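# Report on the structure
Below, each chain spelled out in residue letters.
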Amino acid sequence: MSAQPEAKPKSSAAMRYLFLFLLGLVIGAIGVVMLMRTWDARKTPQDRLPEALMDLQAWHAGKLDEAIKQNRCDATNTIPHFRAMRSTGEDLEAAFPDLADDQRFKDHAAKYRGTLDAALASPPLDCAGVGTTLKQVGEACKGCHQDFRN
């Protein structure tokens, strides 16, 4: 009795194409990530400063907003954030050197710093005062963003 060899099913070409397609996607994704990281590594600190400065100021404003929501608006919780925002306000012109000579930008920066100077000279002692000061700071930021943000 002779045994007939079992016929192996032929692998379809579609499976090979699918495998190559998925392999190409993975290699392409790795290449894009490597390219993006290389591009990001070429940035200088001056390139990163504007975004970092805005992120830091937004973080402090968010912490003040959290303090209002948690009803923790005493001076020990709010003054450090106002002080940090005022300190970073000194770097606005350095962060945006192409706008430093624009009078509108100077006016917005001065209004921002003036609002924070007033908050530090006479700190708000309750959440309503912190909210009012934060609203004034936000209006100073909004005015500048309306004029200069792309």
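Check the entry above for the structure.
To start, this report covers the structure provided alongside it. Every value quoted in this text rests on a predicted model; they were computed, and no experiment measured them.

The rules behind these values
Residues numbered from 1 in each chain as written. Predicted model: local features only at pLDDT ≥ 70, side-chain atom pairs only at ≥ 80, totals over all residues. Heavy atoms only, no water. Salt bridge = Lys/Arg side-chain N within 4 Å of Asp/Glu carboxyl O. Buried < 20%, exposed > 50% of the residue type's maximum accessible area, 1.4 Å probe, protein only. Helix = DSSP H or I, 4+ residues; strand = E, 2+ residues; numbered from the N terminus. Expected span 1.5 Å × (residues − 1). Bend = angle between axes of the 7 residues up to and from the residue. Contact = heavy atoms within 4.5 Å.

In this section: the pattern of salt bridges. Counted under the stated rule, the structure contains eight salt bridges. Two residues, Lys43 and Asp40, come together in a salt bridge whose shortest N-O distance is 3.8 Å. The exposure class assigned to Lys43 is partly exposed, which follows from its relative accessible area of 40%. A salt bridge links Glu66 to Lys63, with the nearest nitrogen and oxygen atoms 3.7 Å apart. Linking Glu66 with Lys63, this pair stays in helix H2 (residues 45-69), spanning three residues, or about one helical turn.

Turning next to H2. In an α-helix there are 3.6 residues to a turn, and that puts residues three or four apart on one side. Here H2 is 25 residues long and its end C-alpha atoms lie 35 Å apart, about the 36 Å a rise of 1.5 Å per residue gives. At Glu51, H2 shows its largest bend, some 30°. The secondary structure elements touched by the buried residues of H2 are helix H3 (75-89), helix H4 (92-95), helix H5 (103-121) and helix H6 (127-148). Positive backbone phi, approximately 55°, marks Asn71, located one or two places after H2.

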